[in-house]
Amino acid sequence: GCNYRDRSGRRVANDNRTDWLAPAFAQVARVMRPDSLCVSFYGWHVVDQFMAAWRAAGLRPVAHLVFPKRYASRTGTFEARHEQAYVLAKGHPKVPSPIGDVLPWAYTGNRLHPTQKPVEALQPIIAALTRPGDIVLDPFAGSGSTLVAAQVLGRGYLGIELDAGHVRTVRRRLAG
């Protein structure tokens, strides 16, 4: 829903529409264990559509994460200097290790994907919300940062990605 384009003109598949949100999150909720958590990055200007899709899937917000950035990823009326994600609950999960809701962000240069997330930003979230041996699902795997973070932390992982080029990137990263 953001119609995102990075500085070099790269785009993200299907990011110009939001009709996929409800069916995608219905499937995410379907495969989640009872009493578990999901973390979803989102576009702030379509948060109402994300929220409707999450609620329709039976997920409820339990926390909001903010990642301050030292640079502006977009400049318009305001400079975009943070990323954000909601933590969503299915049922009533217990958080193994609570963490703060403002987390550090290291610039990746978006070399591998237009919206590449830093592995270092994802590791504390995965460490806090899962236990060794748990499986981390990333249904929008992109460059695979979530999967790499899960692998480093001894979690199982499963990624889904539409773009075949990004799938190759994920496989290379996971192979080390």
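Quick caveat: nothing in here was measured; it's all calculated off a predicted structure. (Residues numbered from 1 in each chain as written. Predicted model: local features only at pLDDT ≥ 70, side-chain atom pairs only at ≥ 80, totals over all residues. Heavy atoms only, no water.)

**Here we look at the pairing of strand β6 (residues 135-138)**
Next up, step 1: Residues Val136 and Asp138 point to one face of β6 and are all buried, whereas Ile135 and Leu137, pointing to the other face, are not buried.
Next up, step 2: For β6 and strand β7 (residues 156-159), the ladder comprises four bridges, and the chain directions are parallel. Within β7, the position partnered with Leu137 by the bridge is Leu158.
Next up, step 3: This β-α-β element, β6 to helix α4 (residues 145-152) to β7, shows right-handed connectivity. (Buried < 20%, exposed > 50% of the residue type's maximum accessible area, 1.4 Å probe, protein only. Helix = DSSP H or I, 4+ residues; strand = E, 2+ residues; numbered from the N terminus. Pairing = 2+ DSSP bridges. Right-handed = clockwise from strand over helix to strand, strands pointing away.)

**Re the sheet that holds strand β2 (residues 60-68)**
Next up, step 1: Taken in spatial order, the three strands of this open sheet run β1-β5-β2, and their pairing is antiparallel. The two strands at the open ends of the sheet, each matched to only one other strand, are β1 (36-41) and β2. The average undirected angle you get between the axes of adjacent strands in this sheet is 25 degrees.
Next up, step 2: The pairing of β1 with strand β5 (residues 82-90) spans six bridges and is classified as antiparallel. Paired with Val39 across the strands is Val87, a residue of β5. (Axes fitted to C-alpha atoms, helices over the stretch in contact; angles between N-to-C directions.)

**A look at the side chain of Asp138**
Next up, step 1: Among the structural elements, Asp138 can be located in strand β6.
Next up, step 2: The buried charged residue Asp138 lacks any salt bridge partner; its closest oppositely charged side chain belongs to Lys117, at an N-O distance of 8.5 Å.
Next up, step 3: For Asp138, the residues in contact, after removing those within four places along its chain, are Thr146, Leu147, Leu158, Gly159 and Ile160. (Lys, Arg positive; Asp, Glu negative; His and termini not counted. Salt bridge = Lys/Arg side-chain N within 4 Å of Asp/Glu carboxyl O. Contact = heavy atoms within 4.5 Å.)

**Quick notes on the packing of helix α3 (residues 119-129) against α4**
Next up, step 1: Running from amino to carboxyl end, α3 crosses α4 at an angle of 55 degrees, the nearest separation of the two axes being 9 Å. By the angle between their directions, the pair α3 and α4 is classed as oblique. For the crossing formed where α3 meets α4, the hand is right-handed. Where α3 approaches α4, its residues Val119, Leu122, Gln123 and Ile126 are matched on the opposing element by Ser145, Thr146, Val148, Ala149, Ala150 and Val152.
Next up, step 2: Of the residues belonging to the contact of α3 with α4, the class tally is seven nonpolar, three polar and no charged. (Parallel < 35°, antiparallel > 145°, perpendicular 65-115°, else oblique. Left-handed = near helix turned anticlockwise from the far one by under 90°. Nonpolar A, V, L, I, M, F, W, Y, C, P; charged D, E, K, R; others polar.)

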